[in-house]
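# Architecture and fold: a report
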Amino acid sequence: MIDNYYHPELANPAALDHGREGASGLLQAAEAAFANRGIGSAFVFCPAGWTSKIELLEAAGYETAMVWSIKR
């Protein structure tokens, strides 16, 4: 599991700032650490409204697995 990770390029929920190299590198480093441990899948937490991060995750091959909802 990769909890809601942060990189400055993802600071704007609506759009990536200054490309995606750093944010992609951070995700790739996490995936490499998993691979080194023999873990073959990753689950990433991402707020549904954070379109810049969703775009980055989809470009890396991730797809939506779960949506959480709450009513108060």
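In what follows, the structure referred to is the one given above.
Report on the accompanying structure. Since this is a predicted model, take the numbers as computed values, not measurements.

### Considerations on the overall build of the protein
- Helix and strand counts for the protein come out as two helices and zero strands.
- Counting only C-alpha atoms and orienting by the principal axes, one finds that the protein spans roughly 40 × 30 × 15 Å.
- Expressed as a percentage of the 72 residues in the protein, the buried residues total 22%.
- Considering only intrachain contacts with a sequence separation of at least 6, the fraction spanning at least 24 residues in the protein is 56%.
- Counting every atom, the protein has about 5,200 Å² of accessible surface; 56% of that belongs to carbon and sulfur.
- Taken together, the 5 basic and 8 acidic charged side chains of the protein have centroids lying 12 Å from each other.

### Examining the side chain of Ser52
- Following the sequence through the fold, Ser52 ends up in helix H2 (residues 51-59).
- Ignoring sequence-local partners within four residues, the contact set of Ser52 consists of Leu10, Asn12, Pro13, Ala14, Ala15 and Leu16.

### Points about the packing of aromatic side chains
- Here the structure, examined in full by the defined rule, presents two aromatic pairs.
- Their ring planes at 80° and their centres at 5.4 Å tell us that Phe43 and Phe45 sit as a pair that is edge-to-face.
- When its relative accessible area of 30% is taken as the criterion, Phe43 is described as partly exposed.
- A ring pair is formed by Phe45 and Trp68, whose centres lie 5.8 Å apart and whose planes are at 75°; its orientation type is edge-to-face. Here Trp68 lies in the segment after H2 and Phe45 lies in the loop between helix H1 (21-36) and H2, a separation of 23 residues in the sequence.
- In this structure Trp68 comes out as exposed when scored by relative accessible area, which is 62%.
- Here the aromatic residues Phe43, Phe45 and Trp68 are joined through ring pairs into a cluster of three or more.

About the cut-offs
- By convention here, each chain's residues receive numbers from 1 onward along its written sequence.
- Totals for whole chains, interfaces and linings use all residues, but because this is a predicted model, local features are given only for residues with pLDDT of at least 70 and pairs of side-chain atoms are given and counted only at 80 or more.
- Excluding hydrogens and water, the side-chain figures rest on all heavy atoms present in the structure.
- In this text, helices come from DSSP runs of H or I with a minimum length of four residues, and strands from runs of E with a minimum of two, each type numbered from the N-terminal end.
- To sort residues, take the accessible area from a 1.4 Å probe on protein chains only and compare it with the maximum for the residue type: under 20% means buried, over 50% means exposed, and anything in between is partly exposed.
- Residues are treated as being in contact if the distance between any of their heavy atoms lies within 4.5 Å.
- Accessible surface is estimated by sampling points in the Shrake-Rupley manner with a 1.4 Å probe; for residues, cover comes only from the protein chains shown.
- Note on charges: Lys and Arg go in the positive column, Asp and Glu in the negative column, and His and the chain ends are not counted at all.
- By convention, the point assigned to a charge is CZ for Arg, NZ for Lys, CD for Glu and CG for Asp.
- Pairing of aromatic rings covers Phe, Tyr and Trp, the last counted by its six-membered ring, and requires centre-to-centre distances within 6.5 Å; plane angles under 30 degrees mean stacked, over 60 mean edge-to-face, and any other angle means tilted.

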